[in-house]
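# Residue-level structural notes
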Amino acid sequence: MHIPENYLSPATCSVMIAAMVPVWTHAVKKVNKELPKEKIPLIGVGAAFSFLGMMFNVPLVGGTTGHAVGGTLIALLFGPEASCLAVSIALLIQALLFGDGGVLAFGANCFNMAFVLPFAGYAIYKLITKNKKDGAIKYIAAALSSYIALNLAALCAAIEFGIQPLLFKDAAGHAIYCPYDLSISIPAMLIPHLAVAGVVEALFTVAIFAFVKKTSPDLVFENMIAEDEKEIKKHIPLFALVAVLIAATPLGLLATGTAWGEWGSDEIAEIFTNGKELGYTPSGLLKGWSLETIMPDYTLKGVNEVAAYILSAVIGVALLIIIFKLLSIPMKGRKKDASNVA
């Protein structure tokens with residue numbers, strides 16, 4: 001679902017980044033107001049779940065690949081605003097260090113995965129669980145909400161892809177950026193996400209949500225905003241789970257192929273869609289700007305593929321935890337109710 005560099009026009013990228021600015025502003029204010037200060041650094045752990053989830057590629061219908069995002073999961077743990085910030089920073093690290101998603105398309109990717117996904121997922125979850133007691137319904141709601149939200153995000157990405165050839169063509173009538181219109185982009189994105197990726201997102205969300213509810217119930221957003229703690233917990237099981245996921249990330253290498261809409265300029269001309277080869281390379285992809293990252297596609301020259309993948313996971317997780325620790329310093333957070341403190 002990561003939109004690469006030059007698949008969207010500069011105008012589209014500008015609009016999407018402008019749309020995200022008020023969202024990020026609102027998210028920062030909301031997190032600072034609602035979350036206890038001691039919980040804010042732990043958003044980095046939520047961001048780590050998203051970063052790692054996106055490294056576990058799975059084969060999709062049509063021969064492409066996909067992955068979980070974890071936007072709804074983080075929303076259930078820290079709230080949708082915190083999830084927005086967590087996924088946004090995870091996407092930024094992916095784009096700048098690993099070339100996973102375009103730097104210019106950062107606003108669009110954040111709109112889809114850091115705005116639509118967590119806010120829609122959390123809203124659906126609250127709708128399903130309204131006036132319901134804790135129990136199996138919580139996990140059913142987590143599965144359904146994350147499944148629906150991921151597909152809504154995929155639909156948004158499909159629309160962003162699909163409007164490009166309608167708006168931007170050269171003198172020969174060829175698309176300048178993404179060459180696939182809505183009649184192709186929507187089914188190409190939605191069918192594999194509805195069939196496989198959404199299920200993976202649901203399983204990923206429910207599994208980690210259940211683990212956190214059992215080992216660190218204070219990190220479930222509903223509990224977090226309901227009452228204040230009397231002591232700071234260490235959440236060792238949570239960090240142990242992150243370590244296990246890091247060690248398991250090479251499983252993502254087993255899925256071969258490229259995610260739909262993420263082909264390079266050197267291969268897109270030969271891609272077959274609906275039984276027909278594209279036959280040309282859009283000029284925007286051929287001549288567009290790109291960033292040379294230090295570990296493209298989570299690889300490192302001279303380093304074994306598996307080792308490089310694990311190293312990428314370690315670097316990404318470490319940066320996320322450090323960044324949110326630093327971001328928490330100037331934040332005041334929600335103050336504890338003195339009546340609840342022993």
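My aim in this report is to walk through the structure given alongside it, one point at a time. (Residues numbered from 1 in each chain as written. Predicted model: local features only at pLDDT ≥ 70, side-chain atom pairs only at ≥ 80, totals over all residues. Heavy atoms only, no water.)

## A closer look at the overall build of the protein chain
Scanning the protein chain from terminus to terminus reveals 12 helices and 4 strands. Computed over C-alpha atoms, the radius of gyration of the protein chain comes to 20 Å, within 12% of the 20 Å expected from 2.2 N^0.38 for 342 residues, which places it in the range of a compact globule. Here the protein chain holds 342 residues, and the buried ones make up 52% of them. Residue pairs in contact within the protein chain that sit at least 24 positions apart in sequence constitute 79% of those at least 6 positions apart. In the structure as shown, the protein chain presents an accessible area of about 15,200 Å², 66% of it carried by carbon and sulfur atoms. Averaging the positions of the 24 positive and the 25 negative side-chain charges in the protein chain gives two centres separated by 14 Å. (Helix = DSSP H or I, 4+ residues; strand = E, 2+ residues; numbered from the N terminus. Rg over C-alpha atoms; globule rule 2.2 N^0.38 Å. Buried < 20%, exposed > 50% of the residue type's maximum accessible area, 1.4 Å probe, protein only. Contact = heavy atoms within 4.5 Å. Areas by Shrake-Rupley, 256 points an atom, 1.4 Å probe, with all protein chains shown as cover. Lys, Arg positive; Asp, Glu negative; His and termini not counted. Charge placed at Lys NZ, Arg CZ, Asp CG, Glu CD.)

## So, the side chain of N112
Mapped onto the elements, N112 comes out in helix α5 (residues 106–129). Those residues within four positions of N112 in sequence are excluded, and the remaining contacts are I3, L117, A153, C156, A157 and E160.

## Points about the packing of aromatic side chains
Inspection of the entire model under this criterion finds 16 aromatic pairs. With centroids separated by 5.4 Å and ring planes inclined at 55 degrees, the aromatic side chains of F115 and F119 adopt a geometry described as tilted. You can see F115 and its partner F119 sitting in helix α5, 4 residues apart, about one turn around the helix. Residue class for F115 comes out partly exposed when judged on its relative accessible area of 27%. For F119, a relative accessible area of 22% translates into the label partly exposed. Ring geometry for Y180 versus W263: centroids 6.0 Å apart, planes at 70 degrees, classification edge-to-face. (Phe/Tyr/Trp six-rings, centres within 6.5 Å; stacked < 30°, edge-to-face > 60°.)

## Comments concerning the packing of helix α2 (residues 43–53) against helix α4 (residues 80–98)
At a minimum axis separation of 9 Å, α2 and α4 run at an interaxial angle of 55 degrees. Taken together, α2 and α4 sit at an angle that is classed as oblique. α2 and α4 meet at a crossing whose hand is right-handed. Contacts between α2 and α4 pair I43, A47, S50 and F51 from the former with A82, A86, V87, A90, I93, Q94 and F98 from the latter. In the contact of α2 with α4, the residues fall into 9 nonpolar, 2 polar and no charged. (Axes fitted to C-alpha atoms, helices over the stretch in contact; angles between N-to-C directions. Parallel < 35°, antiparallel > 145°, perpendicular 65-115°, else oblique. Left-handed = near helix turned anticlockwise from the far one by under 90°. Nonpolar A, V, L, I, M, F, W, Y, C, P; charged D, E, K, R; others polar.)

## Re helix α12 (residues 305–328)
When the terminal C-alpha atoms of α12 are compared, their 35 Å separation across 24 residues agrees well with the 34 Å that a helix rising 1.5 Å per residue should span. Residues of α12 that are buried make contact with α2, α4 and α10 (236–248). Two or three places before V306, at the opening of α12, N304 has a side-chain oxygen 2.9 Å from that residue's backbone nitrogen. (Expected span 1.5 Å × (residues − 1). Polar contact = N/O pair within 3.5 Å; in protein donor to acceptor, adjacent residues only side chain to side chain.)

## A few points about the pattern of salt bridges
As enumerated under the stated definition, the model contains 5 salt bridges in all. Between E222 and K126 there is a salt bridge whose closest N-O contact spans 3.6 Å. One end of the pair, E222, is in helix α9 (residues 221–226); the other, K126, is in helix α5, and 96 residues separate them in sequence. A salt bridge links D134 to K213; the shortest N-O distance between them is 3.3 Å. Separated by 79 residues along the polypeptide, D134 in the loop between α5 and α6 (136–162) and K213 in helix α8 (residues 182–215) bring together distant segments of the chain. (Salt bridge = Lys/Arg side-chain N within 4 Å of Asp/Glu carboxyl O.)

## Things to note about the packing of α2 against helix α3 (residues 71–78)
Where α2 contacts α3, the axes come no closer than 9 Å and their chain directions differ by 165 degrees. What the angle tells us is that α2 and α3 run roughly antiparallel. The way α2 lies across α3 gives a crossing that is right-handed. Contacts between α2 and α3 involve I43, G46, A47, F49 and S50 from the former and L73, I74 and F78 from the latter. In terms of residue class, the contact of α2 with α3 is built from 6 nonpolar, 2 polar and no charged.

## Digging into the nonpolar core
What tends to happen in soluble globular proteins is that the nonpolar side chains get buried as a cluster. Core analysis: the biggest nonpolar cluster contains 98 residues, and L35, I43, F49, F51, L52, F78 and Y180 have the highest contact counts within it. When residues no more than four places from it in sequence are discounted, the contact partners of I43 are V31, L35, F78, A82, A86 and F324. (Core = buried A, V, L, I, M, F, W, Y, C linked by side-chain atoms within 4.5 Å.)

## Here's the deal with unusual backbone geometry
In this model, N131 sits at a positive phi of 60 degrees, which is unusual for a non-glycine residue. With a relative accessible area of 75%, N131 lands in the exposed category.

## Some points on a negative patch on the surface
On the surface, D266, E267, E270 and E277 cluster together into a negatively charged patch. Summarising the element assignment, E270 is placed in the loop between α10 and β3 (272–273). The exposure class assigned to E270 is exposed, which follows from its relative accessible area of 56%. (Patch = residues over 30% accessible without salt bridge, like charges linked within 9 Å, V, L, I, M, F, W, Y side chains within 5 Å.)

## Observations regarding the side chain of T249
With respect to the secondary-structure elements, T249 resides in the loop between α10 and β3. Contacts of T249, omitting those with residues within four sequence positions, involve L52, M55, F56, Y309, I310 and A313.

## Notes on a nonpolar patch on the surface
On the surface, L92, L96, L104, W289 and L291 cluster together to form a nonpolar patch covering roughly 430 Å² of accessible area. Its location among the elements puts L96 in helix α4. Judged by relative accessible area, which is 40%, L96 ranks as partly exposed.

Note that every value here comes from positions in space, so none of it alone points to a role or purpose.
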